[in-house]
Amino acid sequence: MHVTPPTSLRFDIKGLAESMRHSSALDAVPLNLTDMQWPMLANYLQPVVLQQGQVLIEQGVKDRTVYFVESGTLTVHYEDDKERVRIAVVGSGSLLGEGAFFSHLPRSATVHAGSDCRLWCMTPLRFRELSTRHPEVALELTVAMSAVLARRMYNKPKRVAVT
């Protein structure tokens, strides 16, 4: 997938910070950064804008990019070996791609934009750079992503969202 981000979104992640602070979803990202740390994180994220129906992640693809949802909803579809389709919905304040990010395994599900969406992505390479330059921010981000992964694994209907 190649999405060209609007330049005006490049370093303004205030919307993402707000959506994470105010989300009450089970899989909201509990990222506790200071007002000074958010701009640090912004330097390692790339904005992504999706229109309804666009594919963000494809099942079986080997990619470890993680996505943070600022606005919109995304649907996660997984077809198991018995051809049963499982679906989860992920909204603002949450993330996608943490499963492959941590496991180094291919994507476990396909993700479509259920509505127009604004997201922020981070590649493993950018995460390593963040870890080197701002280890305290990288540690907080890792703990927050791990918390979402753990919550999804404990909640059977949300397991399909571990992509």
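How each quantity is defined
- Residues numbered from 1 in each chain as written.
- Predicted model: local features only at pLDDT ≥ 70, side-chain atom pairs only at ≥ 80, totals over all residues.
- Heavy atoms only, no water.
- Core = buried A, V, L, I, M, F, W, Y, C linked by side-chain atoms within 4.5 Å.
- Buried < 20%, exposed > 50% of the residue type's maximum accessible area, 1.4 Å probe, protein only.
- Helix = DSSP H or I, 4+ residues; strand = E, 2+ residues; numbered from the N terminus.
- Contact = heavy atoms within 4.5 Å.
- Pairing = 2+ DSSP bridges.
- Axes fitted to C-alpha atoms, helices over the stretch in contact; angles between N-to-C directions.
- Parallel < 35°, antiparallel > 145°, perpendicular 65-115°, else oblique.
- Nonpolar A, V, L, I, M, F, W, Y, C, P; charged D, E, K, R; others polar.
- Salt bridge = Lys/Arg side-chain N within 4 Å of Asp/Glu carboxyl O.

Kindly report on the nonpolar core, identifying the contributing residues and their values.
Within the largest apolar cluster, 26 residues are counted, with the highest numbers of intra-cluster contacts made by Leu31, Trp38, Leu41, Phe68, Met122, Leu130 and Leu141. Contributions of two or more residues to this core are made by α1 (14–22), α2 (37–42), β3 (66–71), β8 (117–122), α4 (124–133) and α5 (135–154). Among the elements that make up this core, the one with the highest residue count is α5 (6 residues). Residue contacts for Leu31: discarding those within four places in its chain leaves Met20, Trp38, Leu41, Glu140, Leu141 and Ala144. In this structure, Ile57, Ala113, Cys121 and Ala161 belong to the second largest nonpolar core, which totals 19 residues.

Tell me about the sheet that holds β8, and name the residues and values.
Ordered by their spatial adjacency, 4 strands build an open sheet running β1-β8-β3-β6, and the pairing between neighbours is antiparallel. Bordering the open sheet on either side are β1 (46–50) and β6 (95–96), each of which pairs with just one other strand. Bridging between β3 and β6 involves 2 bridges; their strand directions are antiparallel. What sits directly across from Tyr67, in β6, is Leu96.

Account for the environment of Val137, naming residues and giving values.
Checked against the element boundaries, Val137 lands in helix α5. Overall, the relative accessible area of 1% leaves Val137 in the buried class. Remark: the alpha-carbon pair of Val137 and Gln37, spanning 100 residues in sequence, is separated by 6.9 Å. Among all residues touching Val137, those that are not within four sequence positions of it are Leu33, Gln37, Met40, Leu41 and Leu130.

Could you give an account of the packing of α4 against α5, with specific residues and numbers?
A pair of packed helices is captured by two measures, namely the crossing angle of their axes and the spacing between those axes. Between α4 and α5, the least distance of the axes is 5 Å, while the angle of their chain directions is 130°. As summarised for this structure, α4 and α5 are arranged oblique, according to the angle between their axes. Together, Phe127, Leu130, Ser131, Thr132 and Arg133 of α4 and Pro135, Val137, Ala138, Leu141 and Thr142 of α5 make up the contact between the two elements. In terms of residue class, the contact of α4 with α5 is built from 6 nonpolar, 3 polar and 1 charged.

Could you give me a rundown of the sheet that holds strand β7 (residues 110–113), with the residues and numbers involved?
Two modes of strand pairing occur in sheets, parallel and antiparallel, and in both the strands are linked by backbone hydrogen bonds. On the basis of which strands lie adjacent, the open sheet formed by 4 strands has the order β2-β7-β4-β5 and antiparallel pairing. The sheet is open, and its two borders are formed by β2 (55–57) and β5 (85–90), each paired with just one other strand. Mean inter-strand twist for the sheet, computed between neighbouring axes without regard to direction, equals 30°. Taken together, the 6 bridges between strand β4 (residues 74–79) and β5 define a ladder with antiparallel strand orientation. Each bridged residue has a counterpart across the sheet, and for Leu74 the counterpart in β5 is Val90.

Tell me about the pattern of salt bridges, and please be specific about residues and values.
Evaluated as defined, the whole model comprises 8 salt bridges. Residues Glu70 and Arg118 are paired through a salt bridge, measuring 3.7 Å at the closest nitrogen-oxygen approach. Here Glu70, found in strand β3, pairs with Arg118, found in strand β8; they are 48 residues apart in sequence, far enough to count as distant. Taking the relative accessible area as the measure of exposure, Glu70 reaches 11% and is therefore buried. One salt-bridge network, in which partners are shared between bridges, spans Asp27, Glu98, Arg152 and Lys158.

Tell me about the pairing of β4, and please be specific about residues and values.
Sheet analysis places β4 next to β7, joined by 4 bridges and oriented antiparallel. Paired with His77 across the two strands is Thr110, which belongs to β7.

Describe the pairing of β7, listing the residues and the values that go with them.
In terms of strand pairing, β2 meets β7 through 2 bridges, oriented antiparallel. What sits directly across from Val55, in β7, is His112.

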